[in-house]
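Descriptive analysis of the structure
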Protein chains: 2
Amino acid sequence: MFKINENYLKLPGSYLFSTIGKKVNAYCAANPEKKVIRLGIGDVTQPLAPAIVEAMHMAVDEMGKAETFRGYAPDLGYEFLRETIAENDYRARGCDISADEIFVSDGAKCDCGNIQEIFSLENRIAVCDPVYPVYVDSNVMAGRTGTYDRDRETWSDVIYMPCTAENEFVPALPREGEKPDLIYLCFPNNPTGAVVTKVQLQEWVDYANRTGSVILYDAAYEAYITEEDIPHSIYECEGARACAIEFRSFSKNAGFTGVRLGFTVIPKELKCGEVSLHSLWARRHGTKYNGAPYIIQRAGEAVYSEAGKAQLKAQIAYYQRNAAYIFDGLKDMGYTVSGGVNSPYIWLKTPGGMTSWEFFDCLLEQVNVVGTPGSGFGPSGEGYFRLTAFGSYENTVEAVDRMKTIPL
Amino acid sequence: MFKINENYLKLPGSYLFSTIGKKVNAYCAANPEKKVIRLGIGDVTQPLAPAIVEAMHMAVDEMGKAETFRGYAPDLGYEFLRETIAENDYRARGCDISADEIFVSDGAKCDCGNIQEIFSLENRIAVCDPVYPVYVDSNVMAGRTGTYDRDRETWSDVIYMPCTAENEFVPALPREGEKPDLIYLCFPNNPTGAVVTKVQLQEWVDYANRTGSVILYDAAYEAYITEEDIPHSIYECEGARACAIEFRSFSKNAGFTGVRLGFTVIPKELKCGEVSLHSLWARRHGTKYNGAPYIIQRAGEAVYSEAGKAQLKAQIAYYQRNAAYIFDGLKDMGYTVSGGVNSPYIWLKTPGGMTSWEFFDCLLEQVNVVGTPGSGFGPSGEGYFRLTAFGSYENTVEAVDRMKTIPL
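Residue positions are counted from 1 within each chain, in the order its sequence is given. Note on labels: chains are lettered from A, ligands numbered from 1, in written order. Restriction of local features to residues with pLDDT of at least 70 applies here, the model being predicted, together with a cutoff of 80 or more for giving and counting side-chain atom pairs; totals for whole chains, interfaces and linings are based on all residues. Heavy atoms throughout the structure, all of them, feed into the side-chain values; hydrogens and water do not.

Some words on the packing of helix 3 (residues 50-63) of chain A against helix 9 (residues 294-302) of chain A
Packed helix pairs are specified by the crossing angle of their axes together with the interaxial distance, meaning the distance between the axes. All names here are of chain A. An axis is simply a line fitted to the C-alpha atoms; with a helix, the fit covers only the stretch in contact. Between two such axes, the angle follows the N-to-C directions and lies from 0 to 180 degrees. A run of DSSP states H or I qualifies as a helix once it reaches four residues; a run of E qualifies as a strand once it reaches two. Both are numbered from the N-terminal end. Relative orientation of the contacting elements helix 3 and helix 9 amounts to 150°, with a least axis distance of 8 Å. When the axis of helix 3 is compared with that of helix 9, the two are roughly antiparallel. In this structure, the crossing between helix 3 and helix 9 has a hand that is right-handed. Listed contacts from helix 9 to Ala51, Ile52, Ala55, Met56, Ala59, Val60, Glu62 and Met63 of helix 3 are Tyr294, Ile295, Ile296, Arg298, Ala299 and Ala302. Class assignment of the residues belonging to the contact of helix 3 with helix 9 gives a composition of 12 nonpolar, no polar and 2 charged. Under this scheme an angle from 65 to 115 degrees is roughly perpendicular, one under 35 degrees roughly parallel, and one over 145 degrees roughly antiparallel; angles in between are oblique. Note on convention: near helix rotated counterclockwise from far helix by under a right angle means a left-handed crossing. Clockwise means right-handed. Contact between two residues is taken to exist if any of their heavy atoms lie within 4.5 Å; hydrogens are not considered. Residue polarity follows a fixed list, in which Ala, Val, Leu, Ile, Met, Phe, Trp, Tyr, Cys and Pro are nonpolar, Asp, Glu, Lys and Arg are charged, and the others, Gly among them, are polar.

Right under this line is the structure:
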């Protein structure tokens with residue numbers, strides 16, 4: 001008789017955003033007349049930029065002609081895209097990353113979830129608290145997290161690095177005795193919107209090289225950085241090539257949440273003894289993945305074209321204006337808010353000591369605004385709430401105005 | 001200090017098709033003047049059908065307009081595609097499969113490689129020999145296969161079901177004492193092109209229900225079935241809903257190798273105690289995957305449109321003509337051949353007792369034709385060779401004619 005992977009049964013509840021989706025759908029079904037504004041799931045709303053649409057039309061036509069039809073893509077992604085990424089995202093910032101250290105994929109969520117496969121089950125992970133659920137859940141499924149404490153909502157074998165108002169939502173280095181092997185970091189942070197300076201990130205790189213740990217660096221939101229001295233890539237730090245894997249997404253900088261494209265960078269120096277992690281990830285790609293669609297990879301290339309860059313700069317500015325409107329609006333109402341400046345996410349303290357889910361229900365039912373409960377991201381997220389800047393400007397303004405009717 | 005997943009190091013050599021790719025690229029680099037004909041990797045060559053191209057252009061335009069832009073897709077895939085699949089591939093064949101039992105993905109290779117994650121590491125797998133390498137390699141990576149015997153080229157904890165000329169390349173049920181938990185079956189078969197009748201497949205379904213094992217059924221090539229009484233889906237068999245997961249691909253029936261679309265069917269009856277595998281796979285999708293691109297799912301929908309069906313029927317007929325040409329041509333030359341009739345693959349015995357790789361080199365160097373060594377699919381594949389019908393008709397004819405110059 002076959003058996004299942006029992007680790008799946010340890011997962012408490014369903015994936016956060018599936019839960020939110022179900023709650024919202026139920027509310028909408030019960031209240032069809034209500035206009036619900038979604039600032040919950042970090043999903044974009046602006047259409048694809050013209051340069052990207054044009055590139056996709058061209059690629060579709062190529063696929064429709066025998067002379068230009070493309071079958072299976074190269075395992076690591078097309079050279080034209082990997083070269084463009086290496087040049088624009090890395091060499092242009094002084095980062096020493098070559099095209100063949102870039103693995104094109106169908107998104108950072110998949111890569112963040114799959115990367116743990118190439119590591120030993122004995123490795124101990126460290127995550128920020130609050131944290132993007134995929135990092136932890138994918139390790140739960142693999143059996144790397146020990147037992148779950150339902151009261152504390154923590155896993156026995158996971159090292160949690162609290163990100164609170166006290167440390168401005170930037171985690172301290174692991175304490176004496178804590179020995180993480182894999183350290184998940186995400187800056188600009190999801191969900192708090194916090195960022196680290198280059199000096200702060202350098203401390204993490206030095207720590208990882210000192211202790212022989214790997215930093216799994218999620219830079220999905222780097223396009224929203226507005227301030228100087230905030231690193232866009234971990235490879236801006238000395239020694240990162242020996243200890244860091246970086247995940248990038250096209251979802252938030254180019255609106256590809258429904259297009260699906262991302263990439264992972266694994267420098268060839270990153271080794272465990274003689275074994276390079278690059279070769280392991282390449283083997284995984286070759287065995288369990290078949291490349292991102294040609295049409296989508298051409299869309300990704302267009303993101304870096306002159307026209308694409310200009311159009312996306314405007315698109316990001318549009319969302320940044322939303323972020324500023326939410327940030328300032330909530331502040332004026334007396335909310336305690338952070339994030340928003342170098343990030344599309346605004347992180348706010350729930351008013352009147354409400355729990356995160358109480359505030360979720362309050363917003364949904366009283367003003368029909370959907371956000372994300374901070375507690376869904378981890379225990380230190382309790383009492384906090386995330387709003388995203390990815391709505392339309394009109395909806396964003398309306399959502400903030402509606403929130404003014406909620407007494408603090 | 002972090003550790004890697006040591007199971008990866010057990011994998012002998014690289015993924016079969018990566019190895020072939022490297023060998024061919026090296027030959028081409030050394031012999032730029034030679035025109036190499038590729039009948040190795042099962043990659044299609046015909047352009048996308050007009051109905052599909054049209055659907056993709058429409059979807060691209062939708063993504064370029066705010067009113068019709070789509071962000072994150074539903075976890076399981078868009079309703080419009082899942083409903084179309086349920087109707088055309090299942091209900092139309094009398095199979096009781098509903099839309100919400102269908103999980104849309106970026107391809108059958110990924111699903112075949114990932115499905116083992118929801119099962120216990122203690123489960124024992126059974127595979128045909130020869131077999132599509134992904135089934136075994138993905139289990140090696142997970143640590144389910146024991147130790148590798150380099151002489152026999154077999155894994156200690158894998159049950160091999162020989163598919164030889166003696167049994168017409170259709171495996172016998174596991175022997176007494178063998179107790180597989182997960183049984184990988186693929187019909188029409190890759191690589192041999194063999195098929196099973198409905199009566200034969202029913203025996204497997206009955207066996208699985210009797211022993212409490214799960215059949216992982218890869219039906220990626222069902223579109224090539226030409227004979228009556230050959231099942232297109234395992235759900236044509238009584239009781240399959242309680243024991244079988246089916247994988248489908250758009251790669252070979254619609255030329256999507258570079259478009260990337262597939263789906264997996266998990267009936268809700270398929271349970272381990274109280275736990276439905278459907279819920280586990282849904283959780284995996286929700287946590288580690290973000291849906292196939294909207295544009296690609298619209299392309300998939302067009303596969304089932306009246307125009308799409310007619311155009312793809314012609315496209316498949318084109319490849320079937322290639323298959324017949326190779327099959328008949330080799331037979332006339334005196335080769336021992338099978339497959340080809342209900343499959344795009346021709347399986348031939350290597351002449352003069354050559355090993356599979358010897359024949360690979362012989363074909364590549366003497367007549368510049370690329371095929372796939374049978375031994376790359378497992379020990380029982382030694383002395384056999386796979387040719388695919390996915391080339392252009394002109395190249396296929398030329399390849400067969402060139403092979404006439406090789407003395408048997």
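From this point on, the discussion continues.
A few points about the layout of surface pockets
Where empty space is left in the structure can be found by rolling a water-sized probe over the atoms. Grid points spaced at 1 Å and placed over the protein atoms alone form the basis of the search, with a cavity being a set where a 1.4 Å probe fits but cannot get out and a pocket an open set showing protein on both sides within 12 Å along at least five of seven lines. Lining residues have an atom within 4 Å of a point. Grid points are joined across faces, edges and corners, and a volume is the space filled by probe spheres set on the points. In this structure, the second largest pocket spans a volume of roughly 1,400 Å³. As for the second largest pocket, its lining consists of 50 residues, and the residues nearest its centre are Tyr72(A), Ala73(A), Phe17(B), Ile41(B) and Asp43(B). Elements supplying a minimum of two residues to the lining of the second largest pocket: helix 8 (277-288) of chain A together with helix 2 (16-30), strand 1 (37-38) and helix 5 (108-114) of chain B. Tallying contributions element by element places helix 2 of chain B first for the lining of the second largest pocket, with 7 residues. Of the residues assigned to the lining of the second largest pocket, the class counts are 22 nonpolar, 16 polar and 12 charged.

Section: the interface of chain B and chain A
The partner chain A presents 82 residues to the 82 residues of chain B that form the contact. Two parts placed together each lose some accessible area under a 1.4 Å probe, and the buried area is that loss summed for both. Roughly 6,600 Å² is buried in total at the junction of chain B and chain A, and carbon and sulfur atoms are behind 61% of that figure. When the area that chain B buries against chain A is broken down by residue, the three leading residues are Phe2(B), Tyr72(B) and Arg283(B), summing to 12%. By convention in these notes, a salt bridge is any Lys or Arg side-chain nitrogen within 4 Å of a carboxyl oxygen on Asp or Glu. For the pair chain B and chain A, the number of links is 4 salt bridges. Definition of a polar contact: a pair of N or O atoms within 3.5 Å, with one able to donate and the other able to accept a hydrogen when the atoms are protein atoms, and with sequence-neighbouring residues admitted only if both atoms are side-chain atoms. At the boundary of chain B and chain A, one finds 32 residue pairs in polar contact (both at pLDDT 80 or more). At the level of elements, helix 1 (7-10), helix 3 (50-63), helix 5, helix 6 (133-142), strand 11 (271-272), helix 8 (277-288) and helix 9 (294-302) of chain B are the ones that each hand at least two residues to the side of chain B that touches chain A. When residues of the side of chain B that touches chain A are assigned to their parent elements, the largest contribution, 8 residues, is made by helix 8 of chain B. By residue class, the composition of the side of chain B that touches chain A is 37 nonpolar, 27 polar and 18 charged.

Points about the relation of the copies chain B and chain A
Each copy superposes on the other: chain B lies on chain A with an RMSD of 0.0 Å after a rotation of 180° and an axial shift of 0.0 Å. Between the two chains, the operation in question is that of a two-fold axis. Closest approach to the rotation axis among the C-alpha atoms of chain B is made by His57(B), whose C-alpha sits 3.1 Å away. When you check the interface residues of chain B against chain A, 100% turn up at the interface there too, and the contact is symmetric in its surfaces. Alignment of copies: least-squares fit on C-alpha atoms of residues with pLDDT of at least 70 in both copies.

With respect to the pattern of salt bridges
Residues and elements named next belong to chain A. By the definition in use, this model includes 42 salt bridges over all chains. For Arg241, the salt bridge identified is with Glu101, shortest N-O distance 2.7 Å. Taken together, the positions of Arg241 in the loop between strand 8 (214-218) and strand 9 (244-249) and Glu101 in the loop between helix 4 (79-90) and strand 2 (102-105) put the pair 140 residues apart, joining distant regions of the chain. With respect to class, Arg241 is no different from Glu101; both count as buried. For Glu178, the salt bridge is made with Arg175, and the minimal N-O distance between the two is 3.1 Å. Think of it in three bands: with a 1.4 Å probe and only protein chains considered, a residue is buried below 20% of the maximum accessible area for its type, exposed above 50%, and partly exposed in between.

Observations regarding the sheet that holds strand 9 of chain A
All names here are of chain A. Paired strands, as defined in this entry, are two strands with at least two bridges between them according to DSSP. With respect to topology, 7 strands assemble into an open sheet ordered 2-10-9-8-7-3-6, the strand pairing being mixed. Single-partner strands in this sheet number two, and they are strand 2 and strand 6 (159-162). Each strand axis lies, on average, 20° off the axis of its neighbour in the sheet, ignoring direction. Of the pairings in the sheet, the one linking strand 2 to strand 10 (residues 262-265) comprises 4 bridges and is antiparallel in character.

Re the packing of helix 4 (residues 79-90) of chain B against helix 9 of chain B
All names here are of chain B. Helix 9 packs onto helix 4 with a crossing angle of 25° between their chain directions and a minimal axis gap of 9 Å. Taken together, the axis directions place helix 4 and helix 9 in an arrangement best described as roughly parallel. As helix 4 packs across helix 9, the resulting crossing turns out to be left-handed. Of the residues in helix 9, those touching helix 4 at Phe80, Leu81 and Thr84 are Tyr294, Gln297, Arg298, Gly300 and Glu301. Taken together, the residues of the contact of helix 4 with helix 9 sort by class into 3 nonpolar, 3 polar and 2 charged.

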